[in-house]
Amino acid sequence: RTMPVASANLRALTSWVGIARLSAVVLSCLAFSLVASTGRFGGPYGTWCMFSWCFCFAVTLLVLLLELLELYPLLPLSWDDFTAAFSMLAALMVFTSSVVYPATFIHSPCSGSPCARQAVATAASCLCFLAYAVEVSLTRARPGDISSFLSTVPGLLKVFEVYVACLIFSLLDAYSGEPGLMWCVAVYSLCFIFTLLIIIFTVGRCLTYIPCPLEKMLVGYNFVAMLMYLTATILWPLYSFQGQSRPNPCSPSCPWNKHLGITFLTIFNLIAYLVDLVYSTRMVFFRAP
């Protein structure tokens, strides 16, 4: 019996998707290396940015290696769904880092070698976001192609909705004692849990075991989630800013600014669930023959 010989799939590196992934690996490595050399990444925001660059670098490099050696079919998951979901998540994480890092750590006046390295790291992070955005565009399912759910518009929106919910959780502060705010937190939590389960079950190929019409169930869930976020969009600012004016001074971490950020993120997720509902309804009930 002969041992199987490992083969190399060079298209994993030479295709447009492969080039986008290679670019993301190089640029994310450049970003976290330059920031690490300055030593200016303390605190929760700096830690998040460093984690984002390192995490995206490591997972993208792993994806490239698995596709180069053609080992991904051995994994018990839907590879196309996994790579589509990860590229969308990486684009969102790197975009957030590209905004948060310069806003937090680059101050005027800015001069000297550390400042130059921070500026180059920010530019590399922005280019890295563009690389992941190109990958999302290249791997997105075309109209009529639903072989990979997470590469469709509703699937990509699921990743966006989960990520925005995580940002909301990071900004949550004092909300106990107010029934309206507690309802909003319940909305964020329930929608986050169910949407995350949909992503996990899709990647793990477990959706086929659900004994009900799955596509129609997803449409119903999107409708309910949209209604829940609609109530949160009304109640969160109503209870958060009732009888309160913006304090002066108000740092980026003050509760008023956090509540304002949650308000905008809630609106973003409401729009995402609305678009998700429209696309899902078209895919299920208005399919072309």
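Residues numbered from 1 in each chain as written. Predicted model: local features only at pLDDT ≥ 70, side-chain atom pairs only at ≥ 80, totals over all residues. Heavy atoms only, no water.

An unreviewed UniProt entry lists the protein under the name MYADM protein, from Tychaedon coryphoeus. Quoted straight from UniProt, the Subcellular location (unreviewed entry) entry for the protein says "Membrane". Note on the protein: under the UniProt heading Sequence similarities (unreviewed entry), the record states "Belongs to the MAL family." (UniProt positions renumbered as here; feature names shortened; annotations may be inferred.)

Visitor: Can you explain the nonpolar core? Please cite residues and give values.
Guide: Grouped together as the largest cluster of nonpolar side chains are 67 residues, with contacts concentrated most on Trp 53, Tyr 132, Ile 168, Tyr 188, Cys 191 and Tyr 229. The set of elements that each furnish at least two residues to this core consists of α2 (16-38), α3 (43-68), α4 (79-105), α5 (113-139), α6 (153-171), α7 (179-203), α8 (214-240) and α9 (255-285). By residue number, the principal contributor to this core is α4, which donates twelve residues. Two domains each provide a minimum of three residues to this core, namely domain 1 (1-143) and domain 2 (152-288). (Core = buried A, V, L, I, M, F, W, Y, C linked by side-chain atoms within 4.5 Å. Buried < 20%, exposed > 50% of the residue type's maximum accessible area, 1.4 Å probe, protein only. Helix = DSSP H or I, 4+ residues; strand = E, 2+ residues; numbered from the N terminus. Domains from an automatic or database assignment.)

Visitor: Summarise empty space enclosed by the protein; cite the residues concerned and give the values.
Guide: This structure, assessed with the given rule, holds one cavity of 30 Å³ or more. In this model, the largest cavity occupies a volume close to 30 Å³. Lining of the largest cavity is provided by Arg 21, Thr 60, Val 63, Thr 83, Phe 86, Tyr 132 and Glu 135. Contributions of two or more residues to the lining of the largest cavity are made by α3, α4 and α5. Each residue belonging to the lining of the largest cavity can be placed in one class, and the counts come to three nonpolar, two polar and two charged. (1 Å grid on protein atoms, 1.4 Å probe; cavity = no way out; pocket = protein on both sides within 12 Å on 5 of 7 lines; lining within 4 Å. Points joined across faces, edges and corners; volume = space filled by probe spheres on them. Nonpolar A, V, L, I, M, F, W, Y, C, P; charged D, E, K, R; others polar.)

Visitor: So what's going on with α4? Which residues, and what values?
Guide: With 27 residues, α4 should reach 39 Å at 1.5 Å per residue; the first-to-last C-alpha distance of 37 Å fits that figure. Taking burial as the measure, the 27 residues of α4 include 19 buried ones, the bulk of the element. (Expected span 1.5 Å × (residues − 1).)

Visitor: Which residues make up the layout of surface pockets, and what values go with them?
Guide: Considering only enclosed or pocket space, the largest pocket measures out at about 1,000 Å³ in volume. Lining the largest pocket we find 29 residues, and of these Thr 96, Val 100, Leu 167, Leu 171 and Leu 265 sit closest to its centre. Secondary structure elements with two or more residues in the lining of the largest pocket: α3, α4, α5, α6 and α9. Top contributing element to the lining of the largest pocket by residue count: α4, with nine residues. Both domains that furnish three or more residues to the lining of the largest pocket are identified here as domain 1 (1-143) and domain 2 (152-288).

Visitor: So, the environment of Ala 24: which residues are in play, and what are the values?
Guide: For Ala 24, the position within the fold is in helix α2. Distance in space between the C-alpha atoms of Ala 24 and Val 94 is 10.0 Å, their sequence separation being 70 residues. Once residues within four sequence positions are removed from consideration, Ala 24 is found in contact with Cys 128, Ala 131 and Tyr 132. (Contact = heavy atoms within 4.5 Å.)

Visitor: Got a sec to walk through the packing of α6 against α7? Specific residues and values, please.
Guide: Contact pair α6 / α7: the axes reach a minimum separation of 9 Å and the direction vectors enclose 140°. Of the two elements, α6 crosses α7, and the hand of that crossing is left-handed. Contacts between α6 and α7 involve Lys 158, Val 159, Glu 161, Val 162, Ala 165, Cys 166, Ile 168 and Phe 169 from the first element and Tyr 188, Ser 189, Phe 192, Thr 195, Leu 196, Ile 198 and Ile 199 from the second. Residue composition of the contact of α6 with α7, by class: eleven nonpolar, two polar and two charged. (Axes fitted to C-alpha atoms, helices over the stretch in contact; angles between N-to-C directions. Left-handed = near helix turned anticlockwise from the far one by under 90°.)

Visitor: How would you sum up the packing of α3 against α4? Please name residues and give values.
Guide: At a minimum axis separation of 9 Å, α3 and α4 run at an interaxial angle of 150°. Here α4 runs roughly antiparallel to α3, going by the angle between their axes. When the axes of α3 and α4 are compared, the crossing they make is left-handed. Within the contact of α3 with α4, the residues separate by chemical class into 20 nonpolar, seven polar and one charged. (Parallel < 35°, antiparallel > 145°, perpendicular 65-115°, else oblique.)

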